[in-house]
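Here is how the chains run, residue by residue.
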Amino acid sequence: MVEMVNSFSRSHSGHFCRRNPSLNSPRVLLPRKSWISRYFNVIVIVWVVISVLMVLGCGYIYVFPNFGDSAGHRYGVSDFVGAVGQCDILDGQWVRDDTYPLYNSTECPFAERGFNCLRNGREDNDYQKWRWKPSHCEIPRFNAREILERLRGKRVVFVGDSMSRTQWESLICLLMTGVEDKRTVYEVNHNKITKQIRFLGIRFSSFNLTIEFFRSVFLVQEGRSPKHGPRRVRSVLKLDVLDSINRRWIDSDILIFNSGQWWNPGKLFNAGLYFQVNGTLRLGMPIATGLRIALSTWASWVETMVNTNRTHVFFRTFEPSHWRLQTNRQKT
């Protein structure tokens with residue numbers, strides 16, 4: 001399960017064990033001379049200790065549901081070189097590595113032309129020479145063939161905006177380096193990679209593997225403006241309703257979500273797109289509040305619709321834009 005769900009103050013313990021009875025439950029009056037009365041403080045202390053141990057046990061199962069799986073199925077903490085208790089892959093820095101890049105984007109048939117910087121004439125390539133280095137351990141170098149074997153028979157799904165789509169493309173191009181016969185890899189509907197298409201799926205037929213992308217920039221559902229609404233409202237974003245294509249995401253082994261870039265005035269209010277909750281327009285709602293409600297809707301959907309015993313769910317954090325200002329023009 002993903003950390004994002006926790007941030008919305010939902011209890012996940014119910015997925016793995018039942019909650020303990022509350023200490024504030026109605027009490028049954030007993031005779032004053034009973035042994036329970038005489039040892040009441042001891043009983044309370046023992047009960048609290050047992051409750052804490054049960055909660056910690058549930059938390060351990062929740063955080064490390066697959067900790068005991070063999071290395072042949074997925075990377076565990078022990079697969080990283082370094083002290084097991086100190087390996088935080090989020091704590092680190094980018095270091096230069098001249099053995100990079102791991103693939104040539106100009107040779108990958110699934111690299112979108114609009115984001116293929118070298119093919120579009122970018123002269124420098126230093127930006128391709130950086131590798132993430134955790135502070136207290138080493139991440140194993142990406143081995144395309146090994147990853148393909150680990151993903152054999154799986155379905156990987158990316159859901160989000162163009163930032164998600166480019167990450168989807170990069171993963172496919174990385175894995176292509178481990179495929180001997182490139183003709184066995186194809187888009188399932190024979191479509192070109194473009195932002196105009198809402199669904200794209202790449203099939204690695206030799207590995208019975210599909211890696212898919214669904215375009216859903218807000219994750220929640222867009223709809224028509226309500227009747228007799230203000231003229232400036234051209235459409236609405238239903239913050240309490242997940243995108244209508246959500247059922248196509250469920251039956252997957254890995255689910256990777258992102259959202260954020262479109263949550264700005266230019267993509268929302270300036271375009272006539274306003275928030276709606278429970279069928280009611282919320283014209284004065286701040287964007288940050290709208291995003292929080294939308295992510296809460298997403299988190300509830302994950303809890304109720306996704307079998308996390310099978311599906312690994314990730315939510316990627318907010319990212320920089322594709323664009324940056326350089327010498328008075330924008331480049332990828």
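As the structure is a prediction and not an experimental result, all values here were calculated from the model. (Residues numbered from 1 in each chain as written. Predicted model: local features only at pLDDT ≥ 70, side-chain atom pairs only at ≥ 80, totals over all residues. Heavy atoms only, no water.)

Asks: Is there a simple way to think about the sheet that holds strand S10 (residues 235–242) in this case?
Replies: Hydrogen bonds along the backbone pair up the strands of a sheet, which may run parallel or antiparallel. Spatial ordering of the open sheet is given by S9-S10-S12-S13, a layout of four strands whose pairing is mixed. Both edges of this open sheet fall to strand S9 (220–224) and strand S13 (280–281), since each of them pairs with a single strand only. Where strand S12 (residues 273–277) meets S13, two bridges bridge the pair, whose relative direction is antiparallel. Considered in S13, the bridge of Gln276 is made with Leu281. Its contacts with the sheet place helix H7 (residues 287–305) against S9, S10 and S12, and it is angled at close to 40° to S10. (Pairing = 2+ DSSP bridges. Helix = DSSP H or I, 4+ residues; strand = E, 2+ residues; numbered from the N terminus. Contact = heavy atoms within 4.5 Å. Axes fitted to C-alpha atoms, helices over the stretch in contact; angles between N-to-C directions.)

Asks: Where do I start with a nonpolar patch on the surface in this structure?
Replies: Nonpolar side chains collect at one region of the surface, where Ile89, Leu90 and Ile139 lie side by side and expose about 290 Å² of accessible area between them. Its location among the elements puts Ile139 in the loop between strand S4 (137–138) and helix H4 (144–150). (Patch = residues over 30% accessible without salt bridge, like charges linked within 9 Å, V, L, I, M, F, W, Y side chains within 5 Å. Areas by Shrake-Rupley, 256 points an atom, 1.4 Å probe, with all protein chains shown as cover. Salt bridge = Lys/Arg side-chain N within 4 Å of Asp/Glu carboxyl O.)

Asks: Help me understand H7 in this model?
Replies: Because the α-helix completes a turn every 3.6 residues, residues three or four places apart line up on one side. Its 19 residues place the ends of H7 26 Å apart at the C-alpha level, agreeing with the 27 Å of an ideal helix rising 1.5 Å per residue. Among all positions in H7, only Ile287, Gly290, Ala294, Leu295, Ser296, Thr297, Trp298, Ala299, Trp301, Val302 and Glu303 are buried. (Expected span 1.5 Å × (residues − 1). Buried < 20%, exposed > 50% of the residue type's maximum accessible area, 1.4 Å probe, protein only.)

Asks: Quick question: what am I supposed to make of the pairing of S12 here?
Replies: Where a strand is regular, its side chains alternate between the two sheet faces. Judged by how many residues are buried, S12 sits mostly within the fold: five of five residues are covered. Residues of S12 alternate between two faces, with Leu273, Phe275 and Val277 on one and Tyr274 and Gln276 on the opposite face, all of them buried. Pairing of S10 with S12, which is carried by four bridges, proceeds in the parallel orientation. Pairing of Val236 across the sheet is with Tyr274, part of S12. A loop of two residues connects S12 with S13, the two strands running antiparallel in sequence, and Asn278 in this loop sits at a positive phi of about 55°.

Asks: Explanation requested: the confidence of the model for the protein chain in the structure shown.
Replies: Per-residue confidence for the protein chain averages 78 on the pLDDT scale, and 70% of its residues sit at or above 70. Note on residues 326–332: pLDDT is under 50 here. Beyond four places in sequence and across chains, it has 13 contacts. (pLDDT = per-residue confidence, 0-100.)

Asks: It is not clear to me how the state of the cysteines should be interpreted in this structure. Could you clarify?
Replies: As enumerated under the stated definition, the model contains two disulfides in all. One disulfide in the model links Cys87 with Cys137; its S-S distance is 2.4 Å. Measuring handedness by torsion sign, the sulfur bridge of Cys87 and Cys137 sits at about 65° and is right-handed. Taken together, the residues span a long stretch of sequence, with Cys87 in the loop between strand S1 (81–82) and strand S2 (92–96) and Cys137 in strand S4 at a distance of 50 residues. (Disulfide = S-S within 2.5 Å.)

Asks: Is there a simple way to explain the packing of aromatic side chains in this structure?
Replies: Here the distance between the centres and the angle between the planes together describe a pair of aromatic rings. Going through the model one piece at a time under the given rule, you end up with 13 aromatic pairs. A ring pair is formed by Phe218 and Trp263, whose centres lie 5.3 Å apart and whose planes are at 90°; its orientation type is edge-to-face. One end of the pair, Phe218, is in the loop between strand S8 (209–215) and S9; the other, Trp263, is in the loop between strand S11 (254–257) and S12, with 45 residues separating them in the sequence. Neither Phe218 nor Trp263 differs from the other in exposure class; each is buried. These aromatic residues form a ring-pair network of at least three members: Phe218, Trp262, Trp263, Phe269, Tyr274 and Phe275. The ring of Trp262 carries Lys267 above its face, with NZ or CZ at 4.3 Å from the centroid. (Phe/Tyr/Trp six-rings, centres within 6.5 Å; stacked < 30°, edge-to-face > 60°. Lys NZ or Arg CZ within 6 Å of the ring centre and 35° of its normal.)

Asks: Would you take a moment to explain unusual backbone geometry for this structure?
Replies: Negative phi values dominate among residues other than glycine, just as trans dominates among peptide bonds. For the bond from Tyr100 to Pro101, the omega torsion is 5°, close enough to zero to count as cis. Even without a glycine there, the phi angle at Asn278 is positive, about 55°. Of the residues examined, Asn278 reaches a relative accessible area of 62% and is grouped as exposed.

Asks: Help me out: how do you make sense of the pattern of salt bridges in this one?
Replies: Close approach of charged atoms lets side chains of opposite charge pair. Inspection of the entire model under this criterion finds 15 salt bridges. In this structure, the salt-bridge partner of Arg150 is Glu146, at a minimum N-O distance of 2.9 Å. Residue Arg150 and its partner Glu146 are both found in helix H4; the two are separated by four residues, about one turn of the helix. With a relative accessible area of 32%, Glu146 lands in the partly exposed category. Note that Arg183 is salt-bridged to Asp181, the shortest N-O span being 3.0 Å. For Arg183, a relative accessible area of 74% corresponds to the exposed category. Residue Asp181 is classed as partly exposed on the basis of its relative accessible area of 31%. Put simply, Asp97, Arg131, Lys133 and Glu138 are held in one network by salt bridges that share partners.

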